[in-house]
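Per-entry structural report
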Amino acid sequence: MSTPTLSSSVNRTRWLTLIGTIITQFALGSVYTWSLFNGQLSSKLDAPISQVAFSFGLLSLGLALASSVAGKLQERFGVRKVTLSAGLLMAAGLMLTSQADNLFMLYLTAGVLVGLADGAGYLITLSNCVKWFPERKGLISACSIGAYGLGSLGFKFICSYLLSVNSLETTFMIWGGLAMSMIVLGSLMMKDAPLQKASTSSSSAQPARDFTLAESMRMPQYWMLALMFLTACMSGLYVIGVAKDIGESLVHLSAQTAASAVTIIAIANLSGRLVLGIMSDKVARIRVISLAQVVSLCGMGILLFSSMNETTFFIAVACVAFSFGGTITVYPSLVSDFFGLNNLTKNYGVIYLGFGIGSVLGSLIASLFGGFMVTFSLIMALLVVSLLMSAVIRMPNASAQQKKELQHA
C-alpha cells in the first residue's frame, strides 16, 4: 500500500528540485550581463575598459575552478546548503563590488567572489537535477542550462532598467539582493538525488558501472572528451566575445549593425541548448556532439575562408553559438553515459575546467600572435581533431567487453 505513496513523494521531490534548479540557474546566469557595467566602472575607477573587463575573465576562471570542486562540497554538505551558501556569497560579492574603488578590489569582489559563488552553484545544481531524471537527462540539461542562458537575457533587461533609474552602486546592491533571493528560494526546493543503482542494461548508452574520478582520469576517453569540450568552449567563448569587433573590422559593418550579432548569438545559443539537448535523448549523445562540431566547422570555415558580407557573417557566428550552446548542454549527460551518474559532479567538474581555460586561451593567442585569423586557424584545426575523436571514441565498458572477447577468442 505504501509503494504508490512513496513513488508519488519521490516524483514530487524531483519536480520540486527541477523547479528550484531552474530558478537558481536563472539567477546564476545573470553574471553574463557584465558588459553592461564596463563603461560606468571604467569612469568610476578611471581605468581603461580592457582592464575593467578583465574582471569578467577572472569571474569565468573562478566559475570553472569552483565547478571542479563542487562534487566534494556536495558530498560533505549536501546540495541545499552549498547552493544556499553560493547565493549568499554571490550577493556579498556584488554588494562589495558596489563599494570597489580600485581595480584590485574589483578583481577580488566581482572576479573572485562572484565567480566562485556562480561556479559552486552552477554545476552542483545541474548535475544533481540530472541525477533525479536518469531517463530524461538531455531534456533536464536543456531546461537547466537553458534557464542559465535565459537568466543572462532576463537580467540584461532588469539591470539595464536599474542602471537607467539608479546609481551604479545601488544597481549592484539590488542585483545582489534579487539574485540571492532567487538562489535561496531555489535551494530550499532542492534535495540531493539518491544514488543510482548500477545498470544491468546491455544498452551501450549506459556504462557498466560508476567510475571514480581517479579511475576516469586513467582512461583515454576522459581526456578525449576533455579536449573536445575545451575546443567547443574556446571556439564559442572567443567568437562570442569578439563578434562585434569581427563585424566591424573584417566585414566593415557599422557599429550598430555589428552589435546585432549579440542578439543573433543569444538566439542561436539558446536554440542550440534546446534543440541539441532534447535531441540527445533520442540520438546517441556522441553523435549529437559530432553534429555540433560539424556546425561549428561550417561557421569557422565561413570566418576563415570566405569574403564575408552581413548575411554570411551572421550565419557564421550563429553556427558557432548554436554549437557551443548545444555542446555545454549535452556534455553533462554525455559524461554520465561514459562514467556513470553517481560521480558525475566530480567527473564533469574537472572536464569543466576547459570552460575557464577556453575563456582566456582564445584571447591570449590572439594577443600573442596578432589578431583573429591565427586564433580562427587554431580553432579550425582543433575542431577537425575533435570531430575525428568523436567518430572513434567508444564507451569504457565497450572497450572492456572487447578485451574480454579477444581473450576468449
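All values derive from a computational prediction rather than experimental measurement. (Residues numbered from 1 in each chain as written. Predicted model: local features only at pLDDT ≥ 70, side-chain atom pairs only at ≥ 80, totals over all residues. Heavy atoms only, no water.)

**Re the side chain of Thr 109**
As for its position among the elements, Thr 109 is in helix α5 (residues 103-132). In this structure Thr 109 comes out as buried when scored by relative accessible area, which is 2%. (Helix = DSSP H or I, 4+ residues; strand = E, 2+ residues; numbered from the N terminus. Buried < 20%, exposed > 50% of the residue type's maximum accessible area, 1.4 Å probe, protein only.)

**Some details on the packing of helix α11 (residues 285-305) against helix α12 (residues 310-339)**
Relative to each other, α11 and α12 sit at 160°, their axes nearing to 8 Å. Relative to α12, α11 is oriented roughly antiparallel. Considering how the two elements wind past one another, α11 and α12 form a crossing that is left-handed. (Axes fitted to C-alpha atoms, helices over the stretch in contact; angles between N-to-C directions. Parallel < 35°, antiparallel > 145°, perpendicular 65-115°, else oblique. Left-handed = near helix turned anticlockwise from the far one by under 90°.)

**Description of the domain arrangement of the protein chain**
When its domains are assigned, the protein chain resolves into domain 1 (12-189) and domain 2 (213-395). Of note, the centres of domain 1 and domain 2, computed from C-alpha atoms alone, are 22 Å apart. Every contact between the two is made by 34 residues of domain 1 and, on the other side, 29 residues of domain 2. Buried area between domain 1 and domain 2, both sides added, is near 2400 Å², and the carbon and sulfur share of it is 68%. Broken down residue by residue, the surface that domain 1 buries against domain 2 is led by Lys 131, Lys 137 and Ile 145, which jointly contribute 21%. Taking the shortest distance from any N to any O, the salt bridge between Glu 75 and Lys 346 comes out at 2.6 Å. Taken together, the elements giving at least two residues each to the side of domain 1 that touches domain 2 come down to α3 (49-77), α5 and α6 (137-165). (Domains from an automatic or database assignment. Contact = heavy atoms within 4.5 Å. Buried area = accessible area lost by both parts, 1.4 Å probe. Salt bridge = Lys/Arg side-chain N within 4 Å of Asp/Glu carboxyl O.)

**Thoughts on the packing of aromatic side chains**
What the rule picks out here adds up to 25 aromatic pairs. Note on Trp 34 and Phe 172: the rings are 5.7 Å apart at their centroids and 40° apart in plane angle, and the pair reads as tilted. Of this pair, Trp 34 sits in the loop between α1 (2-28) and α2 (38-45) while Phe 172 sits in helix α7 (residues 168-188), placing them 138 residues apart in sequence. Of the two residues, Trp 34 and Phe 172, neither departs from the other in class, the shared state being buried. (Phe/Tyr/Trp six-rings, centres within 6.5 Å; stacked < 30°, edge-to-face > 60°.)

**Some points on a nonpolar patch on the surface**
Taken together, Leu 61, Leu 65, Leu 89, Phe 104, Leu 108, Val 112 and Leu 116 make up a surface patch of nonpolar side chains, about 570 Å² in accessible area. Of all elements in the fold, only α3 and α5 reach the threshold of two or more residues within the nonpolar patch. The element best represented in the nonpolar patch is α5, accounting for four residues. Position of Leu 89 relative to the elements: it lies in helix α4 (residues 79-97). (Patch = residues over 30% accessible without salt bridge, like charges linked within 9 Å, V, L, I, M, F, W, Y side chains within 5 Å. Areas by Shrake-Rupley, 256 points an atom, 1.4 Å probe, with all protein chains shown as cover.)

**Focus on α11**
With 21 residues, α11 extends 30 Å between its outermost C-alpha atoms, agreeing within 8% with the 30 Å of an ideal straight helix rising 1.5 Å per residue. Counting buried residues in α11 gives 15 out of 21 residues, a clear majority hidden from the surface. (Expected span 1.5 Å × (residues − 1).)

**Looking at the packing of helix α9 (residues 220-249) against helix α14 (residues 353-369)**
Two elements in contact, α9 and α14, have axes separated by 8 Å at closest approach and are oriented at 55°. Comparing their axes, α14 and α9 come out oblique. In the packing of α9 onto α14, the handedness of the crossing is right-handed. Contacts between α9 and α14 involve Phe 229, Leu 230, Cys 233, Met 234, Leu 237 and Tyr 238 on the former and, on the latter, Gly 354, Phe 355, Ile 357, Gly 358, Ser 359, Leu 361, Gly 362, Ser 363, Ile 365 and Ala 366. Counted by class, the contact of α9 with α14 contains eleven nonpolar, five polar and no charged residues. (Nonpolar A, V, L, I, M, F, W, Y, C, P; charged D, E, K, R; others polar.)

**Here's the deal with the environment of Ser 386**
Within the element layout of this structure, Ser 386 appears in helix α15 (residues 372-392). Placed 162 residues apart in sequence, Ser 386 and Met 224 show a C-alpha to C-alpha distance of 7.9 Å. Apart from the residues lying within four places of it in its own chain, the contact partners of Ser 386 are Leu 227, Met 228, Thr 231 and Gln 293.

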